[in-house]
Amino acid sequence: MNDKQILSHMNELIDQITHHNYNYYSLDTPTISDAEWDKLYDELMNLEKISGTVLSNSPTKRVGGDILTGFKKHTHKINLYSLNKCTNFKELEEWVNDIKEKVSDAKFSLEHKYDGLTISLTYKNGKLLTAATRGNGSIGENVTEQVKTIKTVPLKIDFEGELIVQGEGIMSLSNLKKYNKTATDPLKNARNAVAGAIRNLDPKVTATRNLDVIVYTISYIEGKNFVSQQEEYEFLKQNRFLVAKEFNLYSDFKSIKKQVELIGKNKGELDILTDGVVLKLNDIAERTDLGYTAKFPRWAIAYKFAAEELSTKLKDVVWQVGRTGKITPIAILEPVELAGATVRRATLNNYGDILRKQIKTHSYVFVRRSNEVIPEILGVARLTPQSTDIQKPIHCPSCGSILVEDGANLFCRNFYDCEEQIKDRITHFASRDAMNIEGLSGKTVEAMYEKLRVKSVSDLYQLTKEELLKLEGFKDKKATKIIKAIEISKTPEFNKFIYSLGISGIGTKASKDLAKKFKNLNNLMFATKEELLSLHDVGTIMADNIIEFFKNPVSDWLINDLKFSGIVIKEEEETGHSKALWGKKIVLTGTLENFGRKELTEMLEKMGANVTSTVSKNTDFIVAGENAGSKLTKAKELNVKVYTEKEFIEKLKELKSK
Ligand code: AMP
Ligand code: ZN
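Source: prediction; values computed, not measured. (Residues numbered from 1 in each chain as written. Chains lettered and ligands numbered in written order. Predicted model: local features only at pLDDT ≥ 70, side-chain atom pairs only at ≥ 80, totals over all residues. Heavy atoms only, no water.)

Along its sequence, the chain is organised into domain 1 (3–61), domain 2 (73–252 + 275–301), domain 3 (309–411), domain 4 (419–564) and domain 5 (577–656). On a C-alpha basis, the centroid separation for the pair domain 3 and domain 4 is 28 Å. Summed over both partners, the interface of domain 3 with domain 4 comes to about 690 Å²; 52% of that surface belongs to carbon and sulfur atoms. It is Val321, Arg323 and Ser398 that lose the most area in domain 3 upon contact with domain 4, and together they represent 73% of the buried surface on that side. The interface formed by domain 3 and domain 4 includes zero salt bridges. Remark: the boundary between domain 3 and domain 4 carries five residue pairs in polar contact (both at pLDDT 80 or more). A breakdown of the residues in the side of domain 3 that touches domain 4 according to their chemical character gives one nonpolar, four polar and one charged. (Domains from an automatic or database assignment. Buried area = accessible area lost by both parts, 1.4 Å probe. Salt bridge = Lys/Arg side-chain N within 4 Å of Asp/Glu carboxyl O. Polar contact = N/O pair within 3.5 Å; in protein donor to acceptor, adjacent residues only side chain to side chain. Nonpolar A, V, L, I, M, F, W, Y, C, P; charged D, E, K, R; others polar.)

What tends to happen in soluble globular proteins is that the nonpolar side chains get buried as a cluster. By size, the foremost hydrophobic cluster in this structure holds 49 residues, and its most contacted members are Ile437, Met448, Leu460 and Phe550. Going through the elements one at a time, helix H12 (419–430), helix H13 (442–452), helix H15 (476–488), helix H16 (494–500), helix H17 (508–518), helix H18 (521–525), helix H20 (540–551) and helix H21 (553–564) are the ones with two or more residues in this core. At five residues, the largest contribution of residues to this core is made by H20. Non-local contacts of Ile437, meaning those with residues more than four positions away in its chain, are made with Phe429, Ala430, Leu460, Tyr461, Ala485, Ile486 and Ser489. Counting 43 residues, the second largest nonpolar core, distinct from the first, contains Tyr114, Leu117, Ala197 and Phe241. (Core = buried A, V, L, I, M, F, W, Y, C linked by side-chain atoms within 4.5 Å. Buried < 20%, exposed > 50% of the residue type's maximum accessible area, 1.4 Å probe, protein only. Helix = DSSP H or I, 4+ residues; strand = E, 2+ residues; numbered from the N terminus. Contact = heavy atoms within 4.5 Å.)

Let's shift gears to the sheet that holds strand E21 (residues 585–589). If you trace the four strands from one edge of the open sheet to the other, you get E22-E21-E23-E24, paired in parallel fashion. At either end of the open sheet lies a strand with only one pairing partner, and these are strand E22 (610–612) and strand E24 (641–644). Shown here is a sheet whose adjacent strand axes are inclined to one another by a mean of 30 degrees, direction ignored. Sheet topology note: the E21/E22 ladder contains three bridges and is parallel. From the neighbouring strand, Lys585 faces E22, where its bridge partner is Asn610. Set on the sheet, helix H22 (residues 597–606) makes contact with E21 and E22; between it and E21 the angle comes to about 170 degrees. (Pairing = 2+ DSSP bridges. Axes fitted to C-alpha atoms, helices over the stretch in contact; angles between N-to-C directions.)

Strand order across the open sheet formed by four strands is E5-E4-E7-E8, with antiparallel pairing between neighbours. Since the sheet does not close on itself, it has two edges, and those belong to strand E5 (127–133) and strand E8 (212–221), each with one partner. For this sheet, the mean angle separating the axes of adjacent strands, direction not counted, is 25 degrees. Judged from the seven bridges that link them, strand E4 (residues 117–124) and strand E7 (residues 163–170) form a sheet pairing that is antiparallel. In the strand pairing of E7, Ile119 is matched with Gly167. Each of E7 and E8 touches helix H8 (residues 229–238); the most contacted strand, E8, lies at about 115 degrees to it.

Surrounding ligand 1, one finds 14 residues, the nearest of these being Ser82, Glu111, Thr118, Glu168 and Tyr216. The contact in question runs from an oxygen atom of ligand 1 to an N or O atom on the side chain of Ser82, over 2.4 Å. Within the complex, the protein chains bury 89% of what would otherwise be the 490 Å² of accessible surface of ligand 1. Ranked by the residues each element gives to the shell around ligand 1, the list is headed by strand E3 (residues 108–114), at four residues. (Near = heavy atom within 4 Å. Areas by Shrake-Rupley, 256 points an atom, 1.4 Å probe, with all protein chains shown as cover.)

Okay, the packing of helix H3 (residues 89–102) against helix H9 (residues 253–266) next. Here H3 crosses H9 at 140 degrees, and the two axes come no closer than 11 Å. With respect to H9, the axis of H3 lies oblique. Taken as a pair, H3 and H9 cross one another with a handedness that is right-handed. Contacts from Phe89, Leu92, Glu93, Val96 and Lys100 of H3 reach H9 at Phe253, Ile256, Lys257, Val260 and Glu261. (Parallel < 35°, antiparallel > 145°, perpendicular 65-115°, else oblique. Left-handed = near helix turned anticlockwise from the far one by under 90°.)

With that settled, the discussion passes to H15. Owing to its 3.6 residues per turn, the α-helix brings residues three or four apart onto one side. Look at H15: 18 Å from first C-alpha to last across 13 residues, which is about the 18 Å you get at 1.5 Å a residue. All buried positions along H15 are accounted for by Ala479, Ile482, Ala485 and Ile486. Looking straight down H15, one finds its buried side chains confined to an arc of 130 degrees; they lie on one side. Facing away from the buried side of H15 by more than 90 degrees, the exposed set consists of Lys477, Lys481, Lys484 and Ile488. The secondary structure elements touched by the buried residues of H15 are H13 and helix H14 (465–468). (Expected span 1.5 Å × (residues − 1). Arc of directions from axis to C-beta.)

For the rest of this paragraph, the subject is the packing of H12 against H13. One way to put it is that H12 packs onto H13 with a least axis distance of 9 Å and a crossing angle of 125 degrees. If you check the angle between H12 and H13, you find them oblique. Here H12 runs over H13; the crossing is right-handed. Two secondary-structure elements touch here, H12 through Glu419, Ile422, Lys423, Ile426 and Thr427 and H13 through Gly442, Val445, Glu446, Tyr449 and Glu450. A class-by-class count of the residues in the contact of H12 with H13 yields four nonpolar, two polar and four charged.

Here it is as structure tokens:
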């Protein structure tokens, strides 16, 4: 690029960022994700560096956004800064090394980067005088009346001198969920919820949202000097501010990295929205020595986790038929990198969901993907002139039958003759949590269906190695392996067999409950509705589905065929485990060193326990691994017994020897 091109590109970027800033800050309706915004911003900063020019209207000249006219302005006594950021360990290590060169025995604190709204609080004579947003860093909005409604903000403190603290206004995820349960206008996410609540001219609205402010810095204090952040936090706690519950110091990069990784791994369990961690130098005098750049302190850096939410263009919608005949709309997206993977497709759940979220093709949509979860479309970011309504399909995309509407869903009722349904049923039957036939992927099932006429799960057990060798890409080794895996699958545990039948609405948990209660297939086949409903997690729809499934003569044939093929179901009692944890309600939390979550859950369930994901007063005990979060806190609050992993291993040994 020559100079002229660089300049024109900079102008373009400034226009784009200004537009998005207005939408985000002034209107609270973001039109692009934070990660995309960061990208535009970084690109602009880079061009400014290359060209050595910063245009007068560049957003890099200030830290925040425009000020709403409805609020009084607040001039910050001390400027509020942004944070230096990095997204990989190489940059983080460089930063740590740079600091260590200047400060030989540097110690760092590590805390969450809360994703909410920056708030500055000023106290005089022990009273809250003003609360303000960051605004552009030097002038913010006066939101005192709004912030006064937040219960975690002390209105009175013991310290009498002037004090200015900085913190983050947040809405906890549990409060967001609670709020959305009854709200006519559900809030899209916790970050927007906070901004909308605090920058709202009616303080009553703020009050209904149940916000918190977590304080992380003393920006100014009259007549007092602190030695370290740790000391600052002690002071803040004494004055009843909400500060981070844990405070630890780290000096070598290895332990910093380990801790950052751990926090990243467990962040899904937190009750607050975070988008990274912040590393800060602990010593205050050293901080003063290092000072500030125009934008951020030199003594702190934020490590941002890979984005989980982005917007991208929805190009098209295709309709998929699942094993129960349910038709699911799948969005075809312009590929985006999300949480470390390229996302090209995302589920739209059902036709009702498309209407509710007003999704259209050729529009930009918010996509979310967190670990191991199917990417999901949250809502529309913006429409384009080409945006068009998504048509409701009339015929099954696989077999052409007329679709039937049931609630928000569409169904193909051609259960026994619809190709996609059959293939999906076989794939489900073979999957890990079902009969666990290793190597039988969806692609192999498709080939078997087409070339070997495998039209039912029982046909799998008639397959020979010679037949498999006819399939493309099948050599002796692969064919032998699959035949062996099919053979091994012939003695399933009862719960896995139930799950493998693919009865609508019956997942792994329900299958386990059913197996536990009915012990064998015969009992289950003749279970009455009352008996089914007596199970805690089985509702009317599930009970009806089960009864209908076994009433259908085709199911009888299927089960007979499977028995004829040599399937012998292990009855529930035969599993031979001790029932020492019978009926106990257990919650696992944090990172366990010696077990996989799934393995431990299965093991405890075999011992009769009920492993759940929420702590309540009925919980018998929790097992807390490293870096356990809100569940541990809740357990302590409710006086629920807590075992560390080590203690629990001891207990297990004891139980097993009984
Ligand atoms: P950014 O707005 O992305 O430049 O990041 C700077 C902002 O991060 C600050 O203005 C704070 O609102 C926010 N932040 C969240 N958690 C922390 C924390 N633990 N320490 C400092 N700033 C934080
Ligand atoms: Zn069909």
